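Structural description and commentary
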Amino acid sequence: MPKRVDHEERRAQIADALIRVAGRRGLHAVGMRDVAAEAGVSLRLVQYYFETKEKLLFHGLQHLTDRFTERVGARLRAAGTDPGPRATIEALLLASLPTDEEGRTFHLLYSSYSILSVTDESLAAQPFLQNPDAAEDALTGLLEQARASGLTDPATATRTEAISLLAMTATMGTSILVGQRSPESALAVLRHHLDRIFSTTEGPEGGAGHI
């Protein structure tokens, strides 16, 4: 009896191959044939599941987002059962920094998708993420929780601080990627700004731990 094909598993296999080869060569240089070779399947099979390169890119972005969500979840679990607002914020921001190979791939490909969406009409016509403000909203909510608990200045502009932290982390991620800054120095800058925002620390270390 022939083995039953799990189509979602096959699509995930191809999307993982896209992420791997794009992480090495850059998203702009990846073709469907390259992805097929990386996945160990035929070009016809890739075309069967995705039809066009644009559809493959759309699915690849969603798959990348799902994997990043899992990475964030792992960081949060490592921070403990009740880490508090500051440690949670630190865990969320650290997950987006390219401090390991997976983080490097995430940062490179998210940046590549952003750049491609500027010049690729089909990619620009799609929502870059289902909820582009999700991270900003999450950080704003955590800062509001901290303010209500007396952990920050009552006058803290939570939305503005959330935007600033995300923008700073994204910029530092790029500086790590190109070798301008080390992960350790980026972490020091991040904690400097968190020390500025938070008037007290949470727990013995006041943070989410090591990189």
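We now turn to the structure provided with this report. Here the residue index of a chain counts from 1 through its sequence in written order. Only residues with pLDDT of 70 or above have their local features reported here, since the model is predicted, and side-chain atom pairs are shown and tallied only from 80 upward, although totals for entire chains, interfaces and linings are computed over all residues. Side-chain calculation: all heavy atoms of the structure are included, whereas hydrogens and water are not.

**Some remarks on the overall build of the protein chain**
Helical segments are the DSSP runs of H or I of at least four residues, strand segments are the runs of E of at least two, and each set is numbered from the N terminus. A tally of helices and strands in the protein chain yields 10 helices and zero strands. Each helix and strand of the protein chain, placed in order from N terminus to C terminus, yields the pattern α-α-α-α-α-α-α-α-α-α. For every residue, the accessible area (1.4 Å probe, protein chains only) is compared with the maximum for its type, and the residue is labelled buried under 20%, exposed over 50%, or partly exposed between those bounds. Looking at the protein chain residue by residue over its 211 residues, the buried ones come to 39%. Excluding contacts between residues fewer than 6 apart, the proportion of contacts in the protein chain whose partners are at least 24 apart in sequence is 67%. For the accessible areas, the method is Shrake-Rupley and the probe is 1.4 Å, while residue cover comes only from the protein chains on display. When the accessible area of the protein chain is evaluated, it comes to approximately 11,700 Å², of which 53% is carbon and sulfur surface. We call two residues contacting when some pair of their heavy atoms lies within 4.5 Å.

**Some points on helix H6 (residues 101-119)**
Each α-helix winds once per 3.6 residues, and so residues spaced three or four apart point in a common direction. One less than the number of residues in a helix, times 1.5 Å, gives the span that helix is expected to have. If you check H6, its first and last C-alpha atoms are 28 Å apart, about what 19 residues at 1.5 Å a residue would give, namely 27 Å. All of the buried residues in H6 are Gly103, Thr105, Phe106, His107, Leu109, Tyr110, Ser112 and Tyr113.

**Things to note about unusual backbone geometry**
Of all residues except glycine, most have a negative phi; of all peptide bonds, most are trans. Notably, Glu51 is not glycine yet its phi reads approximately 65 degrees, a positive angle. Within the fold, Glu51 resides in the loop between helix H3 (43-50) and helix H4 (53-78).

**Topic: the pattern of salt bridges**
Salt bridges are defined by distance alone: a side-chain nitrogen of Lys or Arg within 4 Å of a carboxyl oxygen of Asp or Glu. Counted by the stated rule, this structure contains 14 salt bridges. A salt bridge links Arg24 to Glu38, with the nearest nitrogen and oxygen atoms 2.6 Å apart. One end of the pair, Arg24, is in helix H1 (residues 7-25); the other, Glu38, is in helix H2 (residues 32-39), with 14 residues separating them in the sequence. Of the residues examined, Arg24 reaches a relative accessible area of 55% and is grouped as exposed. Assessed through its relative accessible area of 24%, Glu38 is described here as partly exposed. Arg71 is the partner of Asp100 in a salt bridge, and the nearest nitrogen-oxygen pair spans 3.2 Å.

**Considering the side chain of Ser175**
Along the chain, Ser175 falls in helix H9 (residues 158-177). Here Ser175 falls in the buried class, since its relative accessible area comes to 7%. In this structure, Ser175 is in contact with Gln180 and Arg181, ignoring residues within four places of it in sequence.

**Digging into the nonpolar core**
Take the buried Ala, Val, Leu, Ile, Met, Phe, Trp, Tyr and Cys residues and link them wherever side-chain atoms come within 4.5 Å; each set so joined is a nonpolar core. Counting 48 residues, the largest nonpolar core has Ile89 and Leu165 as the members making the most contacts within it. With residues up to four places along the chain from it excluded, the contact list for Ile89 reads Leu139, Leu142, Leu143, Leu165, Leu194 and Phe198.

**Comments concerning the packing of helix H5 (residues 84-95) against helix H10 (residues 183-197)**
Under this scheme, a helix contributes an axis fitted over its contacting stretch, all axes are lines through C-alpha atoms, and angles between N-to-C directions fall in the 0 to 180 degree range. Viewed as axis vectors pointing N to C, H5 and H10 meet at an angle of 150 degrees, and their least axial separation amounts to 11 Å. In terms of axis orientation, H5 runs roughly antiparallel to H10. Between H5 and H10 lies a crossing whose hand is right-handed. Together, Arg86, Ile89, Glu90, Leu93 and Leu94 of H5 and Leu187, Leu190, Arg191, Leu194 and Asp195 of H10 make up the contact between the two elements. Residues are sorted three ways: Asp, Glu, Lys and Arg are charged, Ala, Val, Leu, Ile, Met, Phe, Trp, Tyr, Cys and Pro are nonpolar, and all the rest, Gly among them, are polar. Of the residues belonging to the contact of H5 with H10, the class tally is six nonpolar, no polar and four charged. In this scheme, roughly parallel covers angles under 35 degrees and roughly antiparallel covers those over 145, while 65 to 115 is roughly perpendicular and the rest are oblique. Each crossing gets its hand from how the near helix is turned against the far one by less than a right angle, where anticlockwise is left-handed and clockwise is right-handed.

**Regarding the environment of Arg104**
With respect to the element layout, Arg104 can be found in helix H6. By relative accessible area, which is 31% here, Arg104 ends up partly exposed. Between the alpha carbons of Arg104 and Gly23 there is a distance of 8.1 Å; along the sequence they are 81 residues apart. Dropping the residues within four chain positions of it, Arg104 is found in contact with Gly23, Pro98 and Leu177. A polar atom in the side chain of Arg104 sits 3.1 Å from the backbone oxygen of Gly23. Between N or O atoms, a polar contact is any pair within 3.5 Å; within protein, one atom must be a potential hydrogen donor and the other a potential acceptor, and residues adjacent in sequence are included only when both atoms are from side chains.

Honestly, it's all geometry; don't read function into it.
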